[in-house]
Structures are given as structure tokens and as C-alpha cells.
Number of protein chains: 2
Amino acid sequence: MDQIPPERGRGRPRTPILTRRRITTAAMDLIQNSGYRSLTMSALANQLGVSASALYNHVGSKRDIMILVQDRVNEEIDCSGFESEEWDVALENWARSYREVYSRNIPLIPVIAVLPVANSPHTLVMYEVVTAGLMKAGWPEPLVVNAVTAVESLVFGSAYDATAPGDIFDPGALNELAPIFAAAVARRNLMLVTDEDGEEARSGADAAFDLGLRCLLAGFREELRTLRQGVAP
Amino acid sequence: MDQIPPERGRGRPRTPILTRRRITTAAMDLIQNSGYRSLTMSALANQLGVSASALYNHVGSKRDIMILVQDRVNEEIDCSGFESEEWDVALENWARSYREVYSRNIPLIPVIAVLPVANSPHTLVMYEVVTAGLMKAGWPEPLVVNAVTAVESLVFGSAYDATAPGDIFDPGALNELAPIFAAAVARRNLMLVTDEDGEEARSGADAAFDLGLRCLLAGFREELRTLRQGVAP
DNA sequence: ACCTGAACACCGTTCAAGT
DNA sequence: ACCTGAACACCGTTCAAGT
């Protein structure tokens, strides 16, 4: 089936030093060790023992590398709940894992959010698992993609939030511009440390995500119930 | 009350060419006319008839300018619903306006999402209106900030989504990796053009945001109802 | 086909020098 | 105090030249 490609020219074929796989792995290592800020074409080339211009024999741009990284990162998202759990529990677990992964990979969000899913195999497999799980649970086919997208939107927004400084809502010197808001922020912060069942203090971002996800899922359940009763047009 | 500041040195005080206000306005003009990509320090300086280094007498960095722009952009968000409407209707209108504004200002999202609200007067006023509206409607004080944050997270994620290409979910050549997902995407697309009450085709991103916002608000209403009945610990 | 090294066209930012 | 002009330390990307 696989034919040995005909050799063009006279030289023997040489095994290339670089492959897209190796470039992706090196990029992941670099990110893991020194963060996205240090992922530059020359740093990446240096890590691979190669000159920066050599990378352009295998990828078209730095954005291409981000896309490769993104597909690999999506493998870390846990979809296992859809095998055994109820759809709403599975969806919640998936959303939590999704948020955790992207709060560690914030610079990927502008990339993935606008990126066609074609050519991203692991991403597609993830969507397949989630879609199949929802449809098996009786979700109507035309709504599934919208529901998944809505959860993703909440996840991306919340991932940003998770990386924000804890005092992001402190009004500071402009306190008198927003007294009611300032009081609510203070009350929220108090709540976070003295949570009834909480030995451990949660962050405001976590509490907001918890509330949002819980209410979104409650709304989903209600939506499904309404649709099943059948609404006459 | 306002005293004329004492003159230091011998020179008479000169009126500066540049102010933070003027810089912000020029930045907004530049963005409006040629987009965020063309907002560079030298282009901005050029627009103001000044050299790039002069800007650093008034702002510490380009990020500072983004923050000034962001506070001005937030003025465009419509909060008027909280004056007259029910809290859920007002919150929905606010979220829709918020998303519309930020889908035109995507590059601000990474800035605002992580930005302390202090020193952003218009942003604070917005939060004040929303918070006051929710609390007047009976929302418990410790939950208000979390609810607002959850809506914002959905809004930011959906704003990204709104700028994505329409065929973002087409599996392309990897179709066989995700057959169930591919079918659901096709079915969704069909739904969009043949919507029962829709003369006008909506985008998938709009449909997803509609579903997400509707369900989130339904969940909020249920949460409030439950809290009002009082749950004994 | 694949890699090197030099060069290009930008960035944001700094700083001595002027007034 | 505020602006200029030159310079700095980077970026991603291109391209002729080598093998």
C-alpha cells in the first residue's frame, strides 16, 4: 500500500532532523519549563539544536505551532465521565477539567476559540465523545453543538478569570463611585473564607464558576424537560 | 479650592501637547479606522503629531493605553434595562450588549479579564448599576458578584466565538474520526437556515449564545427560588 | 529536501539632549 | 515638565547559499 516515494534528483534521501512531531514536543517542553512568554521561534530552534529559519521548512508560521500545541493540550482534558455517568454529571466533570487545563494555557484561548477544528484530531475525538454522550442521553441533535459551545464559552471566560489577581474587584480609590458594588465584593470575600462547609478558602473565580456551571446545567435540564413534554407550535 | 500649582524652576508652565485623554481618544480613532493590529506606539504618536517616546511621559506602557481604551469602551455597554425591567430581562439585555461590544473589541478581552477594576471609573459605574439592580430584586448579597462574573465569563467566551469563521466545526478530512459530531454539526447548520420563525439566518455562535444565556438565566431563577424557600442546614 | 547565516521589517521601550 | 531623535533589545519571517 505505502510505496517508497521516488527519489528525485541524485542525492540519497536524508532523514530530516526536524519533524512536526518533534517541533510540537519541544514547544510543549519549553512552555512547561518557562511559560508561553518564552516560546519564541529562536528559543524553540535553540531547544532543537537548529537555526530558527529551519523551522519554516515544516511549519508556515508560529501560529501553526500554536495550533499543533493546542491539539496536544486538548488530550489532557478528561472526557471519561461520558462512559459511565449521567450526562449532566459528565458534562460538569468535562467542563471542570477543560477549565483547569486552559487556566494553565491561557495564551491558547485566542487561538482555539477561532480555530477551525479540521486537522486537529484529538480535538475532534473530544467533541465526538461529548456529542455522543449527550445524544445517547436524549439530547436533540440540532441542540447538541450549541450546548457544547455554550459550556465552552463559559469555560474559556472562567479560565481567564481563574488567572486574575484575587483583588480584581477591589474598587480602590474610586470606592465612592460604586458603594453598593464595593459592599457586595467585601461580603463575597467574607463568604469565601467562612464558607459553611469549607475548611479550605476558595477563590472568588472558583465560586463564580461553580455558580455559573451549576445554574447553566440546571437550565439545560429544564430545557430538556420542556422539550420532552412537547411544545405545540 | 483649586489652587494654582506653584511654579517650580524658572520657566513658565507650558500647556502640554499630550494628555491621557487625548492619547485615549487618538487610540480609539486609530482602532475604529484601522483595527487593533495597527495600534502601535509609533502609529499612535504619528496620529498625535508627536514622537513615540513622548507618549511615555504620560503612560507607563502600551498596556496602560489598552486599559484606558477598555474603560472607554465599557461606556458603550447598555445597562439601561436595570432602571425599568425585571432583573432577569435586564441581565439578559446587559449580557447581549456586553457581548456585542466585545465582539468588536476582542483584543481587549485578555486585558479586561485580568485587570483590577480600580482606576476604571466607567467600568465601576457599570458594575454598580448591575449590582444595585440585582440586589433590589432580592438577590442575596454574597452571590451577586459571582452571578455577574459568571455572566461575564459566558459573554467573553461567546464574544470570541462570534468572531470565529462559520465553518469552525467542519471536521474536514478527519470526518471519520468524529462521525456523530459531524452529523450534529450538519444538523445544526440545517437548523440555522430553516429556523421556524426565522426569515433571517442566524449564525451558529448566536444560537449557542442564545441557548447558553437562556439556560443560565433559567438556572439563576431556580437558584433564587430555592434560596427563598429557605433550606434548613 | 532540508539546513545555515545574514538580512529585513518591524515591535515596545530607554535615555541623553534640548527647551 | 515635556518633547525629540537616536539607539537598544528584541520579535517573526525571508532568502540566497550550501549539502
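Residues numbered from 1 in each chain as written. Chains lettered and ligands numbered in written order. Predicted model: local features only at pLDDT ≥ 70, side-chain atom pairs only at ≥ 80, totals over all residues. Heavy atoms only, no water.

## So, the overall build of chain A
Applied cut-off: A run of H or I in DSSP becomes a helix once it reaches four residues, and a run of E becomes a strand once it reaches two; helices and strands are each numbered from the N terminus. Accessible area is worked out with a 1.4 Å probe on protein chains only. A residue is then buried under 20% of its type maximum, exposed over 50%, and partly exposed in between. Residue contacts follow a heavy-atom distance rule, with two residues in contact if any of their heavy atoms lie within 4.5 Å.
If you tally the helices and strands in chain A, you get 10 helices and 0 strands. Beginning at the N terminus, the succession of helices and strands in chain A can be written as α-α-α-α-α-α-α-α-α-α. Counting all 233 residues of chain A, 48% fall into the buried class. Partitioning the contacts of chain A with sequence separation of at least 6, the portion at a separation of at least 24 is 67%.

## Details of the relation of the copies chain B and chain A
In plain terms, the rule: The fit set for superposing copies consists of C-alpha atoms from residues with pLDDT of at least 70 in both; the fit itself is least squares.
Rotating chain B by 180 degrees and translating it 0.0 Å along the rotation axis places it on chain A, where the RMSD comes to 0.0 Å. The superposition of one copy onto the other is thereby described by a two-fold rotation axis. An overlap of 100% is found between the interface residues of chain B and their copies at the interface of chain A, pointing to a shared contact surface.

## Thoughts on the protein's contact with DNA strand D
We apply this condition: Each residue is tested against the molecule or strand, and it is near if at least one of its non-hydrogen atoms lies within 4 Å. Any N or O atom pair separated by 3.5 Å or less is treated as a polar contact, with the protein-specific requirement of one donor-capable and one acceptor-capable atom, and with residues adjacent in sequence counted only for side-chain atom pairs.
The local shell around DNA strand D holds 17 residues, among which A:Y56, A:K62, B:S51, B:S53 and B:H58 are the closest. What you see for DNA strand D is that sugar and phosphate hold 59% of its atoms within 4 Å of the protein. With respect to DNA strand D, the backbone of A:K62 contributes an N or O atom lying 2.9 Å from a phosphate oxygen. Backbone polar atom of B:L18 to a phosphate oxygen of DNA strand D: 3.0 Å apart, as the coordinates give it.

## With respect to the protein's contact with DNA strand C
Keep this limit in mind: For this classification, the nonpolar set comprises Ala, Val, Leu, Ile, Met, Phe, Trp, Tyr, Cys and Pro, the charged set comprises Asp, Glu, Lys and Arg, and every other residue, Gly included, is treated as polar.
Inspection of the region around DNA strand C gives 17 residues, with A:S51, A:S53, A:H58, B:Y56 and B:K62 positioned closest. Sugar plus phosphate: this is where 57% of the atoms of DNA strand C within 4 Å of the protein reside. B:M41 is positioned with one of its backbone polar atoms (N or O) 3.0 Å from a phosphate oxygen of DNA strand C. At 2.7 Å from a phosphate oxygen of DNA strand C is found a side-chain nitrogen or oxygen belonging to B:Y56. Residues belonging to the surface near DNA strand C are distributed by class as follows: 8 nonpolar, 7 polar and 2 charged.

## Things to note about the UniProt feature "domain: HTH tetR-type" (unreviewed entry) in chain A
This is how the line gets drawn: UniProt positions are given in the numbering used here, feature names are shortened, and annotations may be inferred rather than shown by experiment.
Taken from the UniProt record, the annotation "domain: HTH tetR-type" (unreviewed entry) applies to residues 17-77 of chain A. Taken end to end, residues 17-77 of chain A is 57% helix and 0% strand, and its first and last C-alpha atoms sit 31 Å apart.

## Overview of the interface of chain B and chain A
For clarity, the cut-off: Defined here as a combined quantity, buried area equals the accessible surface (1.4 Å probe) lost by two parts on assembly, summed across both. A carboxyl oxygen of Asp or Glu within 4 Å of a side-chain nitrogen of Lys or Arg is what we treat as a salt bridge.
Listed per partner, the contact involves 68 residues of chain B and 68 residues of chain A. Note on chain B versus chain A: buried area summed over both sides is about 5800 Å², and carbon and sulfur give 71% of it. When the area that chain B buries against chain A is broken down by residue, the three leading residues are B:E128, B:Y160 and B:F181, summing to 10%. For the pair chain B and chain A, the interface holds 4 salt bridges. At the surface where chain B touches chain A, the tally comes to 13 residue pairs in polar contact (both at pLDDT 80 or more). If you list the elements that add at least two residues to the side of chain B that touches chain A, you get α6 (109-112), α7 (121-136), α8 (141-163), α9 (179-193) and α10 (204-229) of chain B. The biggest single contributor to the side of chain B that touches chain A is α8(B), with 17 residues. When its residues are assigned to classes, the side of chain B that touches chain A shows 45 nonpolar, 13 polar and 10 charged.

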